[in-house]
Amino acid sequence: MPGHPVTVLVVDDYADARHVWAEYLHLAGFAVLTAADGPEALAAVQSNLPDVILLDLELPGLSGLDVAAQLKASPETRHIPLIATTGHSLATHGEAAAHAGFACVLVKPCKPHDVIAEIRRLVA
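Residues numbered from 1 in each chain as written. Predicted model: local features only at pLDDT ≥ 70, side-chain atom pairs only at ≥ 80, totals over all residues. Heavy atoms only, no water.

1. Considerations on the sheet that holds strand β5 (residues 104–107)
Thinking step 1. Judged by pairing direction, the sheet is parallel, and its five strands sit side by side in the order β2-β1-β3-β4-β5 without closing on themselves. What marks the edges here is a single partner per strand, and that holds for β2 (31–35) and β5. Between one strand axis and the next, the sheet turns by 20° as a mean value, whatever way the strands run.
Thinking step 2. As paired strands, strand β4 (residues 82–86) and β5 are joined by four bridges and run parallel to one another. When the bridges of β5 are listed, Ile-83 appears paired with Cys-104.
Thinking step 3. On the sheet, helix α1 (residues 15–27) packs against β1 (7–11), β2 and β3 (52–56) and is oriented at approximately 170° with respect to β2. (Pairing = 2+ DSSP bridges. Helix = DSSP H or I, 4+ residues; strand = E, 2+ residues; numbered from the N terminus. Axes fitted to C-alpha atoms, helices over the stretch in contact; angles between N-to-C directions. Contact = heavy atoms within 4.5 Å.)

2. Some remarks on α1
Side chains that are three or four residues apart share a direction in an α-helix, a result of its 3.6 residues per turn.
Thinking step 1. Taking 1.5 Å per residue, 13 residues should reach 18 Å; α1 reaches 18 Å between its end C-alpha atoms and fits that length.
Thinking step 2. Where α1 is buried, its residues contact β1, β2, β3 and α5 (112–123).
Thinking step 3. Residue Gly-29 follows α1 closely and has a positive phi angle near 100°. (Expected span 1.5 Å × (residues − 1).)

Purely spatial values, then, with no claim about function.
Here you go:
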């Protein structure tokens, strides 16, 4: 990838998940930022403007759908592709996530190569 590496913000309230995804994505050549909840994610986006956001829908307090709504409402961040991750079936969250502006929904446990392929597709 010419120029700067693609920056991915990983948002998940589960520390182990954040760590594992950060490792996988770093090894795949991405720059990685992490956030544990909605407010932390919004702050990270404002200060860093990532290229893609991997966003857990089931965050405590401000949900992934709420975060997406705020990002899509702002001219500075509405262009950032969002990938939803959820522990529930696609049927449960697929429509709501699509309506909120997510590019795709991945059901946990997500295979690393699927996530990496999706990120590469979205930034191509």
